[in-house]
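# Topology and contacts: notes
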Amino acid sequence: MKAVILAGGEGTRLRPLTLTLPKPVVPVVDRPFLTHQLDLLSRVGVTEVVFSIAYQPDRVRRVFGDGERIGRRIHYAVEETPLGTGGAVRNALPFLDDTTIVFNGDVLTDVDLPAVVERHRVSGARATLVLTPVSNPSAYGLVETDAAGRVQRFIEKPQPSQITTDTINAGIYVLDTSSLELMPAATNYSIERGFFPGLLERGDHVGAFVHRGYWIDIGTPEKYLQVHRDVLGGRFPVALDGRPRDGGWVHPEARVEEGAELVGPFYVGPGCQVRAGARVGPDAVLTRDVAVERGARIADSVVWEGSRIAEDAAVEGALVGTSVRIGRNASARPGAVLGEGTHITDHSRTA
Ligand code: GDD
Ligand code: MG
C-alpha cells in the first residue's frame, strides 16, 4: 500500500502567502502542513508517498527532499500542466502497488485511517471514501449513501436545491490501484466528477466511511487561522515542539524576557524574541525567528519566520507572512493578510 497526496493546486485563496510558499508546505504552528498527513499515513504503515505537484515543485522539494531525513520515501509526480484530481492520481500510477490511499493535500483531520483501510479490505469495495458531515456542503462534493453505507451518488459543488444530505467527500480515498487504469492517461480528468461516478455506472462497489471527528480544508485565510486556534486549543491534538508554559508553548530556543506577558494559548517558536512589556496571545503563533518588541501586542494571529513587530504595534486577527516588518505603533487588524517582505510603516494601520 502506498499513498498519493494531491498537492497541485495554486492555493489561490491563500494569496499572497502562497505566492512564495506553496500550500503543502505552509506551516501549521511548528511544522509544514503535509507533515500531518504523513503522520496519519504512518499509522497504517505507509511510508512511501507520491507528492503530486503542479506548482512550485522545487519549493516543496526543498522542504521534504526525498523524505529520508524524516524516515519516508517521497516521490514527486510533477505535471507540466495541471491534470485535475483524477489525471494527477493516474499520473502517479508508475509509483504505486496494489492498494492506494489518496489524500487531498489541503485537509487536516484526525480520521481513524486504520479503520478506513480495514473497512476497505473487509467490504471488498473497489474504492472507499471518507465522508464527513459539514454544516454547509455547497463548497464541497456531496456524497449520498444507502442504508448499508454504499455510495449511491456524487454531486460535486451542489446547488442549494441539490443538497439532500450533510455528508461530503472529505478528500481521502482508499482505492484498488487497478481501477485507476479506467482513467484516461495524460488527460485533465476529475476524480470526483469522472472517476467515481464512472465506477458507480459500472456497478462497482464504492464504500463510505463516515468520520465525525476533526476535519477542515485549510484553503482560506479564515480556515488557516482557525486551524491554529484548533491546534492551540487542543481540538486537533499535536505534541508541539516546545515546552508548556503559562497555558501555551515556548520553544527551548526562544527568548522571552522577564516582564513579557504571555496569555494562553500561544506558541513561540525557535529563535523568537519577545521583549519585556510585549504581550503575546491568546491564540498567537510565532513560527520562528520572530521579534516582538516592547509594548507590541499580538493576538489571534499567525506570524511567519523572520518577521518583526516593532514597539507598541498591534497585530490582531492577521496572517503575517515571512520577513514582514510592522512598524512602531502600527496595526494589522482582523482580515489582514500580509505577503512576504511587506513593510507597514510606523503609525500606519491596515484598517
Ligand atoms: N496534482 C494536482 N493536479 N493536484 C490538484 C489538481 C491538479 O490538477 N487540482 C487540484 N489538486 C489538488 C489540490 O491541491 C487539493 O489539494 C486537492 O487536489 C483538491 O482540490 P481543491 O481545488 O482544493 O478542490 P475542492 O476543495 O474545491 O474540492 C475537493 O475537496 C473537497 C474537500 O475539501 C473535492 O474533492 C470535493 O469533493 C471535496 O468535498
Ligand atoms: Mg480544497
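Numbering of residues starts from 1 in every chain and runs along the sequence as written. Think of it this way: whatever chain is written first is A, whatever ligand is written first is 1, and the rest follow in order. Where local features are concerned, this predicted model is filtered to residues with pLDDT of at least 70; where side-chain atom pairs are given and counted, the filter is 80 or more; whole-chain, interface and lining totals use all residues. The side-chain figures draw on all heavy atoms in the structure; neither hydrogens nor water molecules are used.

### Structural notes on the pattern of salt bridges
Where we set the bar: Any carboxyl oxygen of Asp or Glu that lies within 4 Å of a side-chain nitrogen of Lys or Arg is treated as forming a salt bridge with it. Buried residues are those whose accessible area, probed at 1.4 Å on protein chains only, stays under 20% of the maximum for their type, while exposed residues exceed 50% and partly exposed ones sit between those limits.
With the rule as written, the count across this model stands at 19 salt bridges. Between Asp 204 and Arg 202 there is a salt bridge, with its nearest N and O atoms 3.2 Å apart. Relative accessible area serves as the criterion here: at 16%, Asp 204 is assigned to the buried category. Put simply, Arg 255, Glu 257, Arg 275, Glu 293 and Arg 308 are held in one network by salt bridges that share partners.

### Structural notes on the coordination of the magnesium ion (ligand 2)
Our working definition: Atoms of type N, O and S within 2.8 Å of a metal are treated as its donors, and for Na, K and Ca the window is 3.2 Å; water is not considered, so some sites may appear to be missing partners. Counting from the N terminus, the helices are DSSP H or I runs at least four residues long and the strands are E runs at least two residues long.
Distances from the magnesium ion (ligand 2) to its protein donors, Asp 106 (OD) and Asp 217 (OD), fall at 2.2 to 2.6 Å. Of this pair, Asp 106 sits in the loop between strand S6 (99-104) and strand S7 (107-109) while Asp 217 is found in strand S13 (residues 215-217), placing the two residues 111 residues apart along the sequence. For Asp 106, a relative accessible area of 15% corresponds to the buried category. We classify Asp 217 as buried; its relative accessible area is 15%.

### Remarks on unusual backbone geometry
Negative phi is the rule for most residues except glycine; trans is the rule for most peptide bonds. A cis geometry characterises the amide bond from Arg 15 onward to Pro 16, with omega recorded as 5°. By secondary structure assignment, the location of Pro 16 is in the loop between strand S1 (2-6) and helix H1 (17-20). For the peptide bond that leads from Gly 264 to Pro 265, omega is -5°, which places it in the cis range. Within the secondary structure, Pro 265 is located in the loop between strand S17 (261-262) and strand S18 (266-268). Backbone geometry places Val 29, a non-glycine residue, at a positive phi of 55°. In this fold, Val 29 is placed in the loop between strand S2 (27-28) and strand S3 (31-32). Taking relative accessible area as the criterion, Val 29 reaches 1% and is therefore assigned buried. For Asp 283, which is not glycine, the phi dihedral falls at a positive 60°.

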